[in-house]
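# Tertiary structure, described
One letter stands for each residue in the lines below.
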Amino acid sequence: MGSAAHKARSSGRSRFLSGWVLGRVSSDKGAHAQHCEAVLDDGNPLDAGRDDGTSIAGVDRDLLRRLNSSAPVTRREMRLAARAQRRRNNLVASASLAALVGTVTSVMAWAGPQGSSTSTAQETTTTQIQRVRGDSAASRSDERTDLTQTQSSSTDDGGWSLGESNSQFDVKKMSTVAASNVRVAALMEKDSAVLPSGFNPNHATGDAGNTYEFGQCTWWVYKRRTQLGLPVGSHMGDGRMWADSAKTLGYWVDSTPRHVGDVIVFSAGQDGADAVYGHVAIVEAINDDGSVVTSETSAGMSGETFSRTFTASQAAALRYIHY
């Protein structure tokens, strides 16, 4: 009876092995492997039906041996195999996360403040250094060359030099004028040699708009000066009074025509001026012979202007408001 019981247990083990043999994945050790060998020894081929209703269809002995050799046969080995698989999964997940973080960091490092890609590469320039001759100890002044640049235009020539000679450097051509009116500043640079001592280019102008009666000589002078960007007062009085009013405000006034836009002041009755009110006009051109061309208007002309030319001697007898 002991022998019969042993055979019954072996038969049960064989059925268990035959039902699970295709699901095994690792070891060939343990009791189940021994029973597998028993099954392999039961017969060949292994597809014959058994009287207990179980069978292994279409599996030869070598295939069954290989399957059982790769499957865990104990619960401990199955737990160890599952634990190893979890570790492999964790390692793969960690490696993927690290690769993703590295990619994002690289993109951020190459991105500019606005999200655009910027380059850290900088252009470099190689300068060849002149070697000092061995036969003499050359100084910097011995080896350097003059650095000179000249510039010219249709109206003015100038230049600058950093060489041994500064003969081309004209200090007078440097702009040191602090005039708030850019037109006045340009004229003052040309007049720097003859400007009155202590002249203030930012003096009061007395400008409050064109308050003069339309069509009068004073109305036209205010309008024309404004067109030329030059300062002009709004309450300078009659034409004959303009020179004195301008001097009181700080304007430069003398008897020399200097620029287009100068105000010409006629005394009462002078060169056809009104015998009571005098007259004012604008310098429009100064000819090489010293004669002066004007633009002016007078009462009764409805704002229309006319022009006259005064000889150099006539022009020298008049007074002029510059700026």
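Attention in this report is confined to the structure presented alongside it.

Calculation notes
- Residues numbered from 1 in each chain as written.
- Predicted model: local features only at pLDDT ≥ 70, side-chain atom pairs only at ≥ 80, totals over all residues.
- Heavy atoms only, no water.
- 1 Å grid on protein atoms, 1.4 Å probe; cavity = no way out; pocket = protein on both sides within 12 Å on 5 of 7 lines; lining within 4 Å.
- Points joined across faces, edges and corners; volume = space filled by probe spheres on them.
- Nonpolar A, V, L, I, M, F, W, Y, C, P; charged D, E, K, R; others polar.
- Pairing = 2+ DSSP bridges.
- Helix = DSSP H or I, 4+ residues; strand = E, 2+ residues; numbered from the N terminus.
- Buried < 20%, exposed > 50% of the residue type's maximum accessible area, 1.4 Å probe, protein only.
- Lys, Arg positive; Asp, Glu negative; His and termini not counted.
- Salt bridge = Lys/Arg side-chain N within 4 Å of Asp/Glu carboxyl O.
- Polar contact = N/O pair within 3.5 Å; in protein donor to acceptor, adjacent residues only side chain to side chain.
- Patch = residues over 30% accessible without salt bridge, like charges linked within 9 Å, V, L, I, M, F, W, Y side chains within 5 Å.
- Areas by Shrake-Rupley, 256 points an atom, 1.4 Å probe, with all protein chains shown as cover.
- Charge placed at Lys NZ, Arg CZ, Asp CG, Glu CD.
- Phe/Tyr/Trp six-rings, centres within 6.5 Å; stacked < 30°, edge-to-face > 60°.
- Core = buried A, V, L, I, M, F, W, Y, C linked by side-chain atoms within 4.5 Å.
- Contact = heavy atoms within 4.5 Å.

### Things to note about the layout of surface pockets
If you add up the space inside the largest pocket, you get close to 330 Å³. Considering the residues around the largest pocket, the lining is formed by 20 residues, among which Gln216, Cys217, Gly278, His279 and Ala299 are closest to the centre. A breakdown of the residues in the lining of the largest pocket according to their chemical character gives six nonpolar, nine polar and five charged.

### Side note on the pairing of strand β5 (residues 279-286)
For strand β4 (residues 263-266) and β5, the ladder comprises four bridges, and the chain directions are antiparallel. Across the sheet, Phe266 pairs through a bridge with His279, a residue of β5. Here β5 pairs with strand β6 (residues 292-295) via four bridges, running antiparallel. Residue pairing for β6: Ile282 is matched across the bridge by Ser295. Between β5 and β6, which pair antiparallel in sequence order, lie five residues; one of them, Gly290, sits at a positive phi of approximately 90 degrees.

### Details of the side chain of Asp262
Counting through the fold element by element, Asp262 comes out in the loop between β3 (253-254) and β4. One buried charged side chain, Asp262, makes no salt bridge at all; its nearest oppositely charged neighbour is Arg225, positioned 4.7 Å away. Within the structure, the side chain of Asp262 is placed 2.9 Å from the backbone nitrogen of Arg258, a separation counted as a polar contact. Only 3.0 Å separates the side chain of Asp262 from the side chain of His322, close enough to count as a polar contact.

### Here's the deal with a positive patch on the surface
A cluster of basic residues, Arg75, Arg76, Arg79, Arg83, Arg86, Arg87 and Arg88, forms a positive patch at the surface. Along the polypeptide, Arg86 turns up in helix α4 (residues 75-110).

### Details of the pairing of β4
Because side chains alternate across β4, one face comprises the buried residues Val263 and Val265, and the other comprises Ile264 and Phe266, equally buried. Pairing analysis gives three bridges linking β4 to strand β8 (residues 319-321), with the strands arranged antiparallel. The residue bridging Ile264 from the neighbouring strand is Tyr320, located in β8.

### Structural notes on the packing of aromatic side chains
Following the criterion strictly, the structure yields six aromatic pairs and no others. For the pair Phe199 and Tyr323, a centre-to-centre distance of 5.8 Å together with 65 degrees between the ring planes defines the contact as edge-to-face. A residue pair is termed long-range when its members are at least 10 positions apart, and Phe199 in the loop between α6 (182-190) and α7 (217-227) and Tyr323 in the segment after β8 qualify at 124 residues. For the residue pair Phe199 and Tyr323, the accessibility class agrees, reading buried in each case.

### Examining the pattern of salt bridges
Pairing is possible between side chains of opposite charge, provided their charged atoms come close. Per the stated rule, a full pass over the model turns up four salt bridges. Across the pair Asp244 and Arg319 runs a salt bridge whose closest N-O atoms are separated by 3.5 Å. Taken as a pair, Asp244 in helix α8 (residues 242-249) and Arg319 in strand β8 lie far apart in primary sequence, 75 residues in all. Exposure remark for Arg319: the relative accessible area of 30% places this residue in the partly exposed category.

### What about empty space enclosed by the protein?
Enumeration according to the criterion identifies one cavity of 30 Å³ or more in this entry. What the largest cavity holds in volume is close to 30 Å³. Lining the largest cavity we find Arg225, Pro231, Val232, Gly233, Met236, Trp242, Tyr251, Val263 and Ile321. Tallied by class, the residues present in the lining of the largest cavity amount to seven nonpolar, one polar and one charged.

### Overview of the nonpolar core
With 18 residues, the main nonpolar core has Trp242, Val263, Val265, Val280 and Ile321 as its most contacted residues. Per element, the largest residue contribution to this core is five residues, and it comes from α7. With residues near it in sequence (within four places) discarded, Val263 still touches Val221, Arg225, Trp242, Val280, Ala281, Ile282, Arg319, Tyr320 and Ile321. Grouped together as the second largest cluster of nonpolar side chains are 10 residues, Ile264, Ala281, Ala315 and Tyr320 included.

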